[in-house]
Amino acid sequence: VAAWLEQILALDPHNRYPLFSAVRIYAEVPDDGRRRRMIYFVERQFLLAPDERWPWLAHAVFIAKHRLGDLPLALRLARELREFTHADRVPGWARQMELFVLEAMGDLQGARVLLGGLIESGQITDAAEMKFLEQRLANETDR
């Protein structure tokens, strides 16, 4: 299936259907091996056009974290989402997914460092958003 979807993208690189199908249809099957193949397919395709294909990688982060329970994979994908996209073309929530994966992994110090870096670099400028993220990390510390 991945080869078929890749062929469609080769014919029309702006076609959204192959990546949508990969993460919303084929990666939702109850077979972890197939899920992983679709996630890796989406990851490879994302790296070819990150600012255009970020929505599907964001969904792949969700699948890796919640369906596969593979936090290291989810972290890698979330990190790629942050590192390879541009803040002016991708919403903040997508670029901040790495924070929530670090939180789920129990790496609160790593999440705090990343949050500080995002604030310092100007990628998070909304005061309410900063407050929400800081409180969320503070609440995790209290648990």
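Above this text you will find the structure in question.
None of these values were measured; they are calculated from a predicted model.

*Asks:* How should the packing of helix α1 (residues 2-11) against helix α3 (residues 32-48) be read in this particular structure?
*Replies:* For any two helices packed against each other, the geometry is given by the interaxial angle and the distance between the axes. Where α1 meets α3, the axes come as close as 10 Å, and the angle between the chain directions of the two elements is 20°. Classified by the angle their axes make, α1 and α3 are roughly parallel. In the crossing of α1 with α3, the sense of the turn from one axis to the other is right-handed. Each of Ala2, Leu5, Glu6 and Leu9 in α1 lies in contact with α3, whose residues at this interface are Met38, Phe41 and Gln45. A per-class count over the contact of α1 with α3 returns five nonpolar, one polar and one charged.

*Asks:* Just to check I follow, could you spell out empty space enclosed by the protein for this structure?
*Replies:* Vacant regions in the atomic arrangement are exposed by a probe of water-molecule size rolled over the atoms. With the rule as written, the count across this model stands at two cavities of 30 Å³ or more. The space that makes up the largest cavity amounts to roughly 40 Å³. Along its surface, the largest cavity is lined by Leu99, Phe100, Glu103, Leu115, Leu133, Arg136 and Leu137. Those elements giving two or more residues to the lining of the largest cavity turn out to be α7 (97-104) and α9 (127-142). For the lining of the largest cavity, the residue count by class is five nonpolar, no polar and two charged. Considering only enclosed or pocket space, the second largest cavity measures out at about 40 Å³ in volume. Along the walls of the second largest cavity sit Leu9, Pro13, His14, Asn15, Arg16, Leu19, Glu52, Arg53 and Trp56, which together make up its complete lining. The greatest single-element share of the lining of the second largest cavity, amounting to three residues, is contributed by helix α4 (residues 50-67).

*Asks:* Could you clarify how one ought to interpret the nonpolar core in this entry?
*Replies:* As a rule of thumb, nonpolar side chains are buried together in soluble globular proteins. By size, the foremost hydrophobic cluster in this structure holds 43 residues, and its most contacted members are Ile39, Phe41, Val42, Leu77 and Leu81. Contributing elements (two or more residues each) for this core: α1, α2 (17-24), α3, α4, α5 (71-84), α7, α8 (108-120) and α9. Broken down by element, the residue count for this core peaks at eight residues, all from α4. Filtering out sequence-adjacent residues up to four positions away, Ile39 remains in contact with Ala60, Ile63, Ala64, Leu68, Leu73 and Leu77.

Cut-offs and rules
Residues numbered from 1 in each chain as written. Predicted model: local features only at pLDDT ≥ 70, side-chain atom pairs only at ≥ 80, totals over all residues. Heavy atoms only, no water. Axes fitted to C-alpha atoms, helices over the stretch in contact; angles between N-to-C directions. Helix = DSSP H or I, 4+ residues; strand = E, 2+ residues; numbered from the N terminus. Parallel < 35°, antiparallel > 145°, perpendicular 65-115°, else oblique. Left-handed = near helix turned anticlockwise from the far one by under 90°. Contact = heavy atoms within 4.5 Å. Nonpolar A, V, L, I, M, F, W, Y, C, P; charged D, E, K, R; others polar. 1 Å grid on protein atoms, 1.4 Å probe; cavity = no way out; pocket = protein on both sides within 12 Å on 5 of 7 lines; lining within 4 Å. Points joined across faces, edges and corners; volume = space filled by probe spheres on them. Core = buried A, V, L, I, M, F, W, Y, C linked by side-chain atoms within 4.5 Å. Buried < 20%, exposed > 50% of the residue type's maximum accessible area, 1.4 Å probe, protein only.

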